[in-house]
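The chain contents come next:
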2 protein chains.
Amino acid sequence: MQNENATIYDIASDAGVSIATVSRVLRGETNVSPATREKVQAAIDRHNYRPSSIARGMISKTTHSLGIVLPKLLNPHYAMIFSGAYEEARKMGYSMSLFPWSSIDTRAYDPATMLVERRLDGVIVCVEYLSPDHDGQVLAALRELKRFMPVVLIGCVPPWYDFPAVSNNDAAMMRQIVAYLVSLGHEKIAFIGGVQEDKDPLRRDEGYMEGLRGARLPYTGSYRVYGKGTAEAGETALGNMLDGLKPEYWPTAVIALNDLVAMGCQAAARKRGLDMPGQLSIVGCDDLFCAPYLCPPLTSINTHQQRTGARAVQLLISGEDKKETVEWELIERGSCARVIRDQ
Amino acid sequence: MQNENATIYDIASDAGVSIATVSRVLRGETNVSPATREKVQAAIDRHNYRPSSIARGMISKTTHSLGIVLPKLLNPHYAMIFSGAYEEARKMGYSMSLFPWSSIDTRAYDPATMLVERRLDGVIVCVEYLSPDHDGQVLAALRELKRFMPVVLIGCVPPWYDFPAVSNNDAAMMRQIVAYLVSLGHEKIAFIGGVQEDKDPLRRDEGYMEGLRGARLPYTGSYRVYGKGTAEAGETALGNMLDGLKPEYWPTAVIALNDLVAMGCQAAARKRGLDMPGQLSIVGCDDLFCAPYLCPPLTSINTHQQRTGARAVQLLISGEDKKETVEWELIERGSCARVIRDQ
DNA sequence: GCCCGTGATGTAAGCGCTATCATTATACAA
DNA sequence: TTGTATAATGATAGCGCTTACATCACGGGC
């Protein structure tokens, strides 16, 4: 059924030369006579022969395949990172395989057996926020992994992680969003983050707080809440906030961790009869493909995740050990309105 | 910097045994004395040794890695298929790497060099609709690929493709949607397909037509249009249809190729001031995560793409050569309304 | 005392390549 | 003629494993 894969010996004997000569032709060496080259090439074509990268890998100790570890492919955020990384890898002649986050985050003896056994040439790990005790565990696993292959991190990378990494300047992003909302006249600006802790390693909270301070706005504790980063969590988070406050204290703007959360916020606001953007402005983050089709179309931060993924691959292959940030862009759609002052 | 990967020789000499004995321990053979086993295991632990799956693959002629070929990861439809396939592969101990559609669809000599050189244990190919002449080219490429490794197809698989495959019964799906809309009183039902041709291999057109016939509704040519399957294409397609018809002939319901197209339809209808679902009902397909958050929340067909991907992996590994269909489910949300008859 | 089965271990071939070195054949200078 | 540089090609040793097959020590049956 499947045709027995031809080997270099088959080609050699078919062409009447030694395997060394076939190898020379395969690798495009010059010291082969034209006549021989032609004979060999004909045999290769005849058998539809492709040299085994496995066998080549035995010698070169390189597999030309990379890995990417991420928590959840179905989250479009990660899908975009993957897509960018994978395209770049392909351009550089590498294949890319996906591994579950659990292959890193485990209490088992060797946290990365699959990756190490496969002798990948490198791996990109997308790090999510982790509680402090869990954090130590993961950091140890990452360091262990690094002993076997180059590792580049993406995402929520605390400053004390000694790894090359690509991420956004989250604090600066937050500051920009606050400033943008302030410029529209907002003063009651809520923040729905993704981390339960008081301070996340991304410093998004801090960026939010700094933004408020910069605008000389008071900080209101009940405007800062956290969720799991899903649409449901966003709906719950904003819903609880609204239900817990008298309408006159309702925020006029919400900064959402990401577009999923923003979608949930829209749902929560709609259920409570709020006019958007009239009574509530929302800013998301990630700029998902559906953002323009929400009601109202969602203003969001395009964080260039594909570029992030691509850049991570470049660092991985070049071996540069540095932390980089990528630019972002505020995409204005219809979800933020100027505040009408009370008469 | 990276620690030199230990080999079986290192372990053997460290434990004071032969490599054969180490190999026995690694593979859990029973004919090793407990004392020796312990010594060897200790050496393995000491070196953090992981046997090279590359070297193993040389012997077993199996890589325990699968490939998936798809046109565009960023399309959430394919992301879901990938996710399902990859999870299943992982469960069975296989890794999964992604390859671009172009590695199959090319005029170059060998259409699948990357796949073949990597000696994958099998590959899943997600097939999109192809124009007839292009179709022949791709079919040839697929057949060629099949000579080297097992291939399972997903998606738009014409009946004359001699490959194991997993797909939906698209025609039946369409019939169900038409019946559903008819049950709500709709008579002017439009269809926005993804294929320019008169008949696509999925027979979605045909399902649509049969549905109309089944309900004894007349077929109106201008209600059947085609697009590229994107949101923009959907917006253009419905927009052109509406602009080309007097309002009294406007359809009261639209069946969209997928949720992306449906999103575009919503935008087109909104721009023209149509009330949804009052004046226009829309049914999508794929049940994307954002469907519940659109305005109105989109009624859609959940085609269980993750299950499709998983099933394809099972066929691939088991080697069963059959074509299967997976079930689907109509998810009612708010985008379809009962028609109010003219008085 | 000798033979042989048995369990534990070692030896070595080989998977399909690359890379090093050895071996030719050819040409040209001494 | 002989020596020697040069180009083309072949022979072969691994890469890190698995897997026959060989070896060896030990013990029981005769």
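The preceding data block contains the structure.
First, a word on scope: everything that follows refers to the structure included in this document. Small disclaimer: the values here were computed from a predicted structure and weren't measured. (Residues numbered from 1 in each chain as written. Chains lettered and ligands numbered in written order. Predicted model: local features only at pLDDT ≥ 70, side-chain atom pairs only at ≥ 80, totals over all residues. Heavy atoms only, no water.)

## Notes on a nonpolar patch on the surface
A cluster of nonpolar residues, A:Met58, A:Ile59, B:Met58 and B:Ile59, forms a patch on the protein surface that exposes about 450 Å² of accessible area. Turning to its location among the elements, A:Ile59 is positioned in helix 4 (residues 53–60). (Patch = residues over 30% accessible without salt bridge, like charges linked within 9 Å, V, L, I, M, F, W, Y side chains within 5 Å. Areas by Shrake-Rupley, 256 points an atom, 1.4 Å probe, with all protein chains shown as cover. Salt bridge = Lys/Arg side-chain N within 4 Å of Asp/Glu carboxyl O. Helix = DSSP H or I, 4+ residues; strand = E, 2+ residues; numbered from the N terminus.)

## Structural notes on the protein's contact with DNA strand C
In the vicinity of DNA strand C lie 28 residues, with A:Ser23, A:Arg56, B:Arg24, B:Thr36 and B:Lys61 positioned nearest. When the atoms of DNA strand C within 4 Å of the protein are grouped by moiety, sugar and phosphate amount to 62% of the total. With respect to DNA strand C, the side chain of B:Thr21 contributes an N or O atom lying 2.7 Å from a phosphate oxygen. At 2.4 Å, a side-chain N or O of B:Lys61 approaches a phosphate oxygen of DNA strand C. Only helix 1 (8–15), helix 2 (19–26) and helix 4 of chain A together with helix 2 (19–26) and helix 4 (53–60) of chain B provide two or more residues apiece to the surface near DNA strand C. By residue number, the principal contributor to the surface near DNA strand C is helix 4 of chain A, which donates 4 residues. For the surface near DNA strand C, the residue count by class is 15 nonpolar, 8 polar and 5 charged. (Near = heavy atom within 4 Å. Polar contact = N/O pair within 3.5 Å; in protein donor to acceptor, adjacent residues only side chain to side chain. Nonpolar A, V, L, I, M, F, W, Y, C, P; charged D, E, K, R; others polar.)

## So, the interface of chain B and chain A
Of the residues lining the interface, 66 residues belong to chain B; the matching set on chain A comes to 66 residues. Here chain B packs against chain A, burying approximately 5700 Å² in sum over the two surfaces, 59% of which is carbon and sulfur. On the chain B side of the interface with chain A, the three residues burying the most area are B:Arg50, B:Arg119 and B:Tyr293, jointly 14% of the side's total. Along the contact surface separating chain B from chain A lie 0 salt bridges. The tally of links from chain B across to chain A stands at 12 residue pairs in polar contact (both at pLDDT 80 or more). For the side of chain B that touches chain A, the elements supplying multiple residues, two or more each, are helix 3 (34–47), helix 4, helix 5 (76–91), strand 2 (95–100), helix 6 (113–117), helix 7 (132–146), helix 10 (231–243) and helix 11 (259–271) of chain B. The dominant element in the side of chain B that touches chain A, judged by the number of residues it contributes, is helix 5 of chain B, at 7 residues. When its residues are assigned to classes, the side of chain B that touches chain A shows 36 nonpolar, 17 polar and 13 charged. (Contact = heavy atoms within 4.5 Å. Buried area = accessible area lost by both parts, 1.4 Å probe.)

## Some remarks on the packing of helix 10 (residues 231–243) of chain A against helix 11 (residues 259–271) of chain A
Residues and elements named next belong to chain A. Their axes nearest at 6 Å, the elements helix 10 and helix 11 cross at an angle of 45 degrees. In terms of axis orientation, helix 10 runs oblique to helix 11. Of the two elements, helix 10 crosses helix 11, and the hand of that crossing is right-handed. Here helix 10 contributes Ala231, Gly234, Glu235, Leu238 and Gly239 to the contact with helix 11, which in turn contributes Leu260, Val261, Gly264, Cys265, Ala267, Ala268 and Lys271. (Axes fitted to C-alpha atoms, helices over the stretch in contact; angles between N-to-C directions. Parallel < 35°, antiparallel > 145°, perpendicular 65-115°, else oblique. Left-handed = near helix turned anticlockwise from the far one by under 90°.)

## Some details on the pattern of salt bridges
Residue and element names in this part refer to chain B. A complete count under the given rule lists 28 salt bridges over all chains for this structure. The salt bridge involving Asp287 is made with Arg333; its shortest N-O contact spans 3.0 Å. Within this pair, whereas Asp287 is found in the loop between strand 9 (281–285) and strand 10 (299–302), its partner Arg333 is found in the segment after strand 12 (329–331), the two being separated by 46 residues in sequence. The exposure class of Asp287 is buried, given its relative accessible area of 13%. Note on Arg333: relative accessible area 25%, which makes it partly exposed. Its salt-bridge partner being Lys322, residue Glu320 comes within 3.2 Å of it at the nearest N-O pair. For Glu320, a relative accessible area of 31% puts it in the partly exposed group. (Buried < 20%, exposed > 50% of the residue type's maximum accessible area, 1.4 Å probe, protein only.)

## A closer look at the protein's contact with DNA strand D
Surrounding DNA strand D, one finds 28 residues, the nearest of these being A:Arg24, A:Thr36, A:Lys61, B:Ser23 and B:Arg56. The contact atoms of DNA strand D, taken as those within 4 Å of the protein, divide so that sugar and phosphate hold 62%. Contact between DNA strand D and A:Arg24: a base oxygen at 2.7 Å from a side-chain N or O atom of the residue. Here a phosphate oxygen of DNA strand D sits 2.6 Å away from a polar atom, N or O, in the side chain of B:Arg56. Elements with a minimum of two residues in the surface near DNA strand D: helix 2 and helix 4 of chain A together with helix 1 (8–15), helix 2 and helix 4 of chain B. Of the residues forming the surface near DNA strand D, the biggest block, 4 residues, is contributed by helix 4 of chain B.

Function-wise, these values are silent; they only describe arrangement.
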